[in-house]
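Letter by letter, the chains look like this.
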Amino acid sequence: MLNLDFHPTGRHFLQIPGPSPVPDRILRAMSLPTIDHRGPEFGALGLKVLAGVREIFKTRHPVIIYPASGTGAWEAALANTLSPGDHVVMYETGHFATLWSKMATRLGISSEFLAWKGSDEHLPNAPSWRRGVQADLIEERLRKDPEHRIKAVCVVHNETSTGVTSNIAAVRKAIDAARHPALLMVDTISGLASADFRHDEWGVDVTVSGSQKGLMLPPGISFNAISPRALEAMKSAKLPRAFWAWDEIVEMNESGYWPYTPNTNLLYGLSEALDMILGEGLDNVFARHERWASGVRAAVNAWGLPIQCADASVYSPVLTGVITPPGVDADALRRLIYERFDLSLGTGLGKLKGRMFRMGHLGDSNDLTLVAMVAGVEMGLKLAGVKLAGSGVQATMDHFASHAATVALQRAA
């Protein structure tokens, strides 16, 4: 019999930037009996989760829930709003922005990439992958489009491949300053429920997200939060869509149901996740992630290694990318750490493969799990022969000790 449990003792440290560890509360919720997805119990569950996710996205408008990965929600965002031959502007912040652009091309959309231009001593072949979105470049490009051929601007909020969190409000201001009608589409698959995101306030037309990051669920649910402008664009969009079509879903969601069989037990998990996150309070959740991120970055700085994100103003609260020294294969280092310490780290993707690794600090974590992660990485670096400037473990412990958590543990009366 094939053994699928490779972690016979202790806790496996899943410290990739998603899927993130799933809390026991959510796993227990998902074990509830599967119910009739046309029955009254399910209707109540559907209405609850649909209302809750609107709070997470900070929107008054519909949020579509798909039984799919984030990639499916990418396609849904494009297919519901655009027509064959439409032109869109994408901004290259990393691997996932690149994949979304490739998808647009495969769907018959003309996709144009904007990117930060400059040189970088650590990654000379990927300079744009160390910076956030430059809104002024978007404004400049839109001003050169008086015929309004550009139908959408697509950006990634939290670029999971690089650890960069871009300023979405600035992108909306740039579009408005150019007086351009392009839709604003944003991928916050790894940012939702970990980094501050405001769909309505920031004027986003379609927000794409997924379940396996800040929501602390297994993969299998994805989302489109949609504005009235996006719903209006749907009426004239000509790209083929059936499963992804918003109209039938929005109509049936009004009573808590879907036009197809949804993933019932994952929705039980989503309901529990919403209770946990909204019960803690979104501002507290965001502050917790910022604090964790600062503690982990303190370790990287103590080691004397460069952080993948080169602009401190857009450091991600979700993950930290670490560039390995010349001659040190990041994937070999990750393999060593996994085999010796049962600790999984994120790989470098695309142009960054073998040149960096990613440390996730999101979701169901706490100070001690992150200190343990830093310890495992530090031991692995030493075993790989990397000369470190100082102790990252001590730096992280000092940071957490001197920066108290925003919300203290609840004590029994």
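Computed from a prediction, not measured in an experiment: that's the story for all the values here.

Reading the values: the criteria
All residue numbers refer to position in the chain's written sequence, counted from 1. Since the coordinates come from a predicted model, pLDDT governs what is reported: local features require at least 70, and pairs of side-chain atoms require 80 or more to be given and counted, while whole-chain, interface and lining totals use all residues. Calculated side-chain values reflect all of the structure's heavy atoms, with hydrogen atoms and water omitted. We count a stretch as a helix when DSSP gives it H or I for four or more residues in a row; a strand needs E for two or more, and each element gets its number in order from the N terminus. Exposure classes here rest on a 1.4 Å probe applied to the protein chains alone. A residue is buried below 20% of its type maximum, exposed above 50%, and partly exposed in between. Here is the rule: rings of Phe, Tyr and Trp (six-membered ring for Trp) pair when centre to centre is within 6.5 Å. Planes less than 30 degrees apart are stacked, more than 60 are edge-to-face, and the remainder are tilted. Placement of a positive charge over a ring is assigned whenever Lys NZ or Arg CZ falls within 6 Å of the ring centre and within 35 degrees of the normal to the ring plane. Note on definitions: angles span 0 to 180 degrees between N-to-C directions of axes, and those axes are lines fitted to C-alpha atoms, for helices only across the stretch in contact. Comment on the angle field: the value is read as roughly parallel under 35 degrees, roughly antiparallel over 145, roughly perpendicular from 65 to 115, and oblique elsewhere. Left-handed describes a crossing whose near helix is turned anticlockwise from the far helix through less than a right angle; right-handed describes the clockwise counterpart. The contact definition used throughout considers only heavy atoms, calling two residues in contact when any of these lie within 4.5 Å. Here the nonpolar core consists of buried residues drawn from Ala, Val, Leu, Ile, Met, Phe, Trp, Tyr and Cys, with membership extended through side-chain atoms lying within 4.5 Å. Basically, the charged four are Asp, Glu, Lys and Arg, the nonpolar ten are Ala, Val, Leu, Ile, Met, Phe, Trp, Tyr, Cys and Pro, and anything else, Gly included, counts as polar.

S.K.: What should I look at first to understand unusual backbone geometry in this one?
M.R.: Trans is the common state for peptide bonds, and a negative phi is the common state for residues other than glycine. Between Gly-18 and the following residue, Pro-19, the backbone shows a cis peptide bond with an omega angle of 0°. When you line up the elements, Pro-19 lands in the loop between strand E1 (13-15) and helix H1 (24-30). Positive phi outside glycine occurs at Arg-179, with the angle close to 55°. In this fold, Arg-179 is placed in the loop between helix H6 (168-177) and strand E8 (183-187). What makes Arg-179 exposed here is its relative accessible area of 76%.

S.K.: What is the right way to look at the packing of aromatic side chains in this model?
M.R.: Here the distance between the centres and the angle between the planes together describe a pair of aromatic rings. Applying the stated criterion across every chain yields a total of nine aromatic pairs. Here the aromatic rings of Phe-243 and Trp-244 are separated by 4.8 Å at their centres, their planes lie at 80°, and the arrangement is edge-to-face. These aromatic residues form a ring-pair network of at least three members: Tyr-66, Phe-243, Trp-244 and Tyr-260. The ring of Phe-13 is capped by Arg-11, whose NZ or CZ atom sits 4.6 Å from the centre of that ring.

S.K.: Even after reading the chapter, I still don't get the packing of helix H2 (residues 40-57) against helix H9 (residues 264-280), so can you show me in this structure?
M.R.: How two helices pack is summed up by the angle between their axes together with the distance between the axes. Following both chains from N to C, one finds H2 and H9 inclined at 45°, their axes separated by 9 Å at the closest point. Between H2 and H9, the angle is such that the two are oblique. Handedness of the H2/H9 crossing: left-handed. Along its contact with H2, which presents Phe-42, Leu-45, Lys-48, Val-49, Gly-52, Val-53, Glu-55 and Ile-56, the element H9 presents Thr-264, Leu-267, Tyr-268, Leu-270, Ser-271, Leu-274, Asp-275, Ile-277 and Leu-278.

S.K.: Explain the environment of Gly-269 here, please?
M.R.: Turning to its location among the elements, Gly-269 is positioned in helix H9. Judged by its relative accessible area of 0%, Gly-269 is buried. The spatial distance from the C-alpha of Gly-269 to the C-alpha of Ala-174 is 38 Å, given a sequence separation of 95 residues. Beyond its immediate chain neighbours, meaning those up to four positions away, Gly-269 contacts Ile-26, Ala-29, Met-30 and Leu-217.

S.K.: What exactly am I supposed to notice about the nonpolar core here?
M.R.: One broad trend across soluble globular proteins is that nonpolar side chains are buried collectively. The biggest cluster of nonpolar side chains holds 63 residues, and the ones touching the most others in it are Ile-65, Met-185 and Leu-270. The residues contacting Ile-65, other than those within four sequence positions of it, are Val-49, Leu-50, Val-53, Ile-221, Ser-222, Phe-223, Trp-258, Tyr-260, Leu-267 and Leu-270. Counting residues in hydrophobic clusters, the runner-up holds 28 residues, among them Phe-13, Val-296, Leu-333 and Leu-370.

S.K.: When you look at the packing of helix H10 (residues 282-303) against helix H13 (residues 392-402) in this model, what are you seeing that I'm missing?
M.R.: Their axes nearest at 7 Å, the elements H10 and H13 cross at an angle of 150°. One way to sum up the angle between H10 and H13 is to call them roughly antiparallel. Considering only the axes of H10 and H13, their crossing is right-handed. Across the interface between the two elements, Arg-291, Trp-292, Ser-294, Gly-295, Val-296, Ala-298, Ala-299, Ala-302 and Trp-303 from H10 touch Gly-392, Ala-395, Thr-396, His-399 and Phe-400 from H13. Across the contact of H10 with H13, the residue classes break down as eight nonpolar, five polar and one charged.

The analysis is restricted to geometry; functional conclusions fall outside its scope.
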